[in-house]
Amino acid sequence: MATHPKYPLVFTPLDLGFTRLKNRILMGSMHTGLEDIEGGFERMAAFFAERAKGGVGMIITGGIAPNHEAGGGGKLSTPEEAAQHRIVTEAVHAADPDVKIVMQILHAGPLAGTPACVAPSAIRSRIGRHVPNELDADGIEKQLADFANCAAQAKAAGYDGVEIIGSAGYLLSTFLVEKTNTRTDEWGGSFENRMRFPVEVIRRCRAAVGDNFIIVFRIPAMDMLEGGMSGDEVIQLAKAVEAAGATIISTHFTWHEAQVPTIATMVPRAAFAEVTGRIRRHVSVPMITSNRINMPDVAEAVLAAGHADLVSMARPMLADADLVKKAWEGREDEINTCIACNQACLDHTFTGKLTSCLVNPRACNETLMPVVPATRPRDLAVVGAGPAGLAFAVEAAQRGHKVTIYDAASEIGGQFNLAKRVPGKEEFHETLRYFNRMIAKLGIRLLLNTRADADMLAAAGHDEVIVATGIRPRVPDLPGIDHPKAVAYIDAILGRKPIGRRVAIMGAGGIGFDVATLITHAGPSAAVDIPTFCREWGVDFVNHPRGGVTGVEMHIEKADREVVILQRSEGSPGRSLGRTTGWTHRLSLLRRGVKLLGGVTYLKIDDEGLHCQVNGEPRLFEVDTVIICAGQLPERDLYDALVARWVKAHVIGGAFEAAELDAKRAIAQATELALAC
Ligand code: FAD
Ligand code: NAP
Ligand code: SF4
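Keep in mind it's a predicted model, so treat the numbers as computed, not measured. (Residues numbered from 1 in each chain as written. Chains lettered and ligands numbered in written order. Predicted model: local features only at pLDDT ≥ 70, side-chain atom pairs only at ≥ 80, totals over all residues. Heavy atoms only, no water.)

**Q** If you had to explain the packing of helix α1 (residues 40-53) against helix α2 (residues 79-95) to someone new, which residues and values would you point to?
**A** Closest axis-to-axis distance for the α1/α2 pair is 8 Å, and the angle between their directions is 20°. By the angle class used here, α1 and α2 are roughly parallel. Crossing handedness for the pair α1 and α2: right-handed. Residues F41, E42, M44, A45, F48, A49, A52 and K53 of α1 form the contact with α2, whose own contacting residues are Q84, H85, I87, V88, A91, V92 and A95. (Axes fitted to C-alpha atoms, helices over the stretch in contact; angles between N-to-C directions. Helix = DSSP H or I, 4+ residues; strand = E, 2+ residues; numbered from the N terminus. Parallel < 35°, antiparallel > 145°, perpendicular 65-115°, else oblique. Left-handed = near helix turned anticlockwise from the far one by under 90°. Contact = heavy atoms within 4.5 Å.)

Right under this line is the structure:
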């Protein structure tokens, strides 16, 4: 096969001896929640088949438990359960016989969420619900047999392999570190003993499935915990994993209880790849690296640097099923890039909702949201080029409608143009690049610097108007709200008004936190600079101290500002932030000295500052600036005017409902409407 001109390494097949991977990009394992619901296997089949058609070389499913005590959603231990999995494997192989589908075996150990959960020692995880039951000799034997049985059932179900997860604070990894393994028998004590169980799991699985079956082992390459594994121990484990019969070693970074962000948007792209590269020098089986690799050029660079043989992209495959195909065809500017927000994937997983994607709400909903050509193509006007209007326009144009977008601003993006200025949200540029490209490709008429009104739209003769005019910031009714000290968040973000040294932020929603991040920031953004990220989060990729964490006081460059974030409601500010990312935002602001205060009643703003009442006591915040981040109201005058004129109109995004609006809801609502009209 000819070498690919732009991504020669990505598109070099990998020979595994008994089989071959057609390229170097695999879809990493993600729990979707489909494993747990009625009809879930059919939906999973459609989800994975779409990714197989999209060109990925290998797919690894979400975690499947080998037995009841392993917890998790789906389980595979019986031939009846294997028959259900066949729905998935057959769909993937039918979509492309060259694509490998590998099932992850996940034994959650102390994180299994059941009182029957087990572990090497009866030590509760910081984030576990139960104290696990300590495994005795018979218990250990049972777990080993269950792993082997699960692997054999996976083979019977038509999978090309299994991935065994040996990281993240799940069962296998709890054997590896002294913090969770205090045993004194042959399964604890020395590192040789502590790694015996994971290694034996591989040996048993290999014996159960024979030679010609892929076994991927996910190694805790850097567990991000004080007292975690040392670099030497990781290498020792990798060698033992290879000797025990693993076909491929995959590197995983972090335990779930660690307090270092490893995949959120403030993590630099491919930050962890060099850790994989160091381990790779000590083994001869291929190695997979992962984490924040979201575009093909990043994957190519990682391979070119010799950091890995294969690159895992998990969330990017939610965002765009055709990512690999688009890279192959030189259409990478059409990739809908994962922005690492976690809002519709991991946040959903950890709150018991089905996984999907903020930028692609069809992910995991393929059977419910089919894309079919419009039966009656129409002339549609979209007013507002924020996320809602853009998502509608692209989806509707793809279905064959004639679309015109009007926006009063000089560029598309709406509030994403504010979001992209916040350090840590650099990926938002990618979403705007994607929409700009799709507007050009689909021939959507784009009228910028054009404020649309009902007269103009009625005269233009469109069949229907989609009003996506967004929001207007709420202005609290407060004496002194027009004082020069009071600054609207839009003016603060755009730098249109000066911000003083002492600042009170009124409102502790996502925007209040983002504004605090922006105005306390100095130096390079940690999200685009690996050394800064390491300094800010106390990580050492080079020397690999235990767990990869230095344990020393972290160094954060910050602006010379005193900032307090306030909210009226009681309780800790920041509750509305994302489940899996909120803690990172809170922690990094606290480290910059930002104060958070709830239970505040605002009284007035004057030359002295912001006057409030806190716990019934008067309190003056002597600040130079009060930035108003007090939520938003729908901007729907245009919609009302159109309805009054009997123009057929729809309203979406912030214009529909501003309360608790985020881009996830705006894009999902827009996409649903575009697929229905
Ligand atoms: P908007 O983005 O507000 O777009 C409305 C558009 O309509 C604007 O471009 C405006 O110019 C145009 N318009 C209005 N009236 C007219 C008219 N009459 N004629 C022509 N054009 C008109 N959400 C998340 O999910 N995750 C985040 O991390 C996140 N971070 C954010 C950070 C910041 C700093 C801000 C401000 C917002 C953030 N959001 C985030 C919120 C998110 O941006 C909004 O939910 C989303 O933009 C709403 O989309 P929309 O299309 O409804 O409206
Ligand atoms: P928000 O989350 O609704 O927060 C608004 C804040 O204003 C709250 O703290 C609220 O708390 C306060 N408030 C409401 N009414 C007020 C009033 N009359 N006077 C004074 N304070 C008032 O909204 P937002 O911060 O504007 O963000 C908008 C949307 O963008 C959010 O829904 C969010 O999902 C999204 N966003 C997300 C992120 C992210 O990282 N995921 C980042 C930015 C924005 P009290 O009522 O307790 O005072
Ligand atoms: Fe990526 Fe956000 Fe989509 Fe998750 S929800 S896949 S993090 S863009």
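Now that the structure is up, let's keep going.
**Q** Outline the site of ligand 2, supporting the account with residue identities and numerical values.
**A** In the region of ligand 2, 21 residues are neighbours, and A508, I511, R568, S569 and L661 sit closest. One of the backbone N or O atoms of G509 is found 3.4 Å from an oxygen atom in ligand 2. Backbone polar atom of G510 to an oxygen atom of ligand 2: 3.3 Å apart, as the coordinates give it. Coverage of ligand 2 by the protein amounts to 78% of the 890 Å² it exposes when considered alone. Counting residues per element, the shell around ligand 2 draws most heavily on helix α18 (residues 510-520), which supplies three residues. Broken down by class, the residue content of the shell around ligand 2 amounts to seven nonpolar, eight polar and six charged. Shared between two domains, the shell around ligand 2 holds at least three residues of each, these being domain 2 (379-473 + 633-676) and domain 3 (487-631). (Near = heavy atom within 4 Å. Polar contact = N/O pair within 3.5 Å; in protein donor to acceptor, adjacent residues only side chain to side chain. Areas by Shrake-Rupley, 256 points an atom, 1.4 Å probe, with all protein chains shown as cover. Nonpolar A, V, L, I, M, F, W, Y, C, P; charged D, E, K, R; others polar. Domains from an automatic or database assignment.)

**Q** Tell me about the sheet that holds strand β5 (residues 100-105), and please be specific about residues and values.
**A** Sheet strands line up and pair through hydrogen bonds in the backbone, either parallel or antiparallel. Reading around the barrel, the eight strands line up as β3-β4-β5-β8-β9-β10-β11-β12 and close back on themselves, with parallel pairing between neighbours. For this sheet the average axis-to-axis angle between neighbouring strands, irrespective of direction, equals 30°. Taken together, the two bridges between strand β10 (residues 248-253) and strand β11 (residues 287-289) define a ladder with parallel strand orientation. Within β11, the position partnered with S250 by the bridge is I288. (Pairing = 2+ DSSP bridges.)

**Q** Talk me through the pattern of salt bridges; I want residue IDs and the actual numbers.
**A** Scanning the model with the defined rule gives 40 salt bridges in all. The partner of K6 in a salt bridge is E332, and the shortest N-O contact between them spans 3.5 Å. Highlighted residues: K6 in the segment before β1 (14-15) and E332 in the loop between α11 (323-328) and α12 (346-349), separated in sequence by 326 residues. Between K142 and E69 there is a salt bridge whose closest N-O contact spans 2.7 Å. Linking K142 in helix α3 (residues 137-156) with E69 in the loop between β4 (58-64) and α2, this pair joins segments that are 73 residues apart in sequence. Judged by relative accessible area, which is 38%, K142 ranks as partly exposed. (Salt bridge = Lys/Arg side-chain N within 4 Å of Asp/Glu carboxyl O. Buried < 20%, exposed > 50% of the residue type's maximum accessible area, 1.4 Å probe, protein only.)

**Q** Explain the site of ligand 1 to me, and be specific about the residues and the numbers.
**A** Taken together, 36 residues surround ligand 1, and among them Q343, D407, K425, G654 and A663 come closest. For ligand 1, an oxygen atom lies 2.9 Å from a polar atom in the backbone of Q415. Interatomic distance of 2.8 Å between a backbone N/O atom of A663 and an oxygen atom of ligand 1. Considered on its own, ligand 1 offers 990 Å² of accessible surface; in the complex 90% of this is hidden by protein. Of all the secondary-structure elements, those providing two or more residues to the shell around ligand 1 are α13 (387-398), α14 (416-419), α17 (489-494), α18 and α22 (663-676). Split into classes, the residues belonging to the shell around ligand 1 amount to 20 nonpolar, ten polar and six charged. A domain-level breakdown of the shell around ligand 1 finds at least three residues from each of domain 2 (379-473 + 633-676) and domain 3 (487-631).

**Q** Account for the sheet that holds strand β20 (residues 562-566), naming residues and giving values.
**A** Taken together, the five strands give an open sheet; going across it, the order is β18-β25-β19-β20-β21, and neighbouring strands pair in parallel fashion. The open sheet terminates on both sides in strands that have one partner only, identified here as β18 (486-488) and β21 (595-597). Along the sheet, successive strands turn relative to each other by an average axial angle of 25°, direction set aside. Pairing geometry for β18 and strand β25 (residues 625-628), over three bridges, is parallel. When the bridges of β25 are listed, V487 appears paired with I627. Sheet strands in contact with α18 are β19 (502-506), β20, β21 and β25, and its direction is about 180° off that of β20.

**Q** Can you tell me about the nonpolar core, naming the residues and giving the values?
**A** Counting 146 residues, the largest nonpolar core has F392 and F541 as its most contacted members. Of all the elements, α13 adds the most residues to this core, at eight residues. Dropping the residues within four chain positions of it, F541 is found in contact with M222, M224, A271, F272, E274, V275, R278, I530, F533 and C534. Membership of the second largest hydrophobic core comes to 22 residues, among which are L418, I471, I505 and I519. (Core = buried A, V, L, I, M, F, W, Y, C linked by side-chain atoms within 4.5 Å.)

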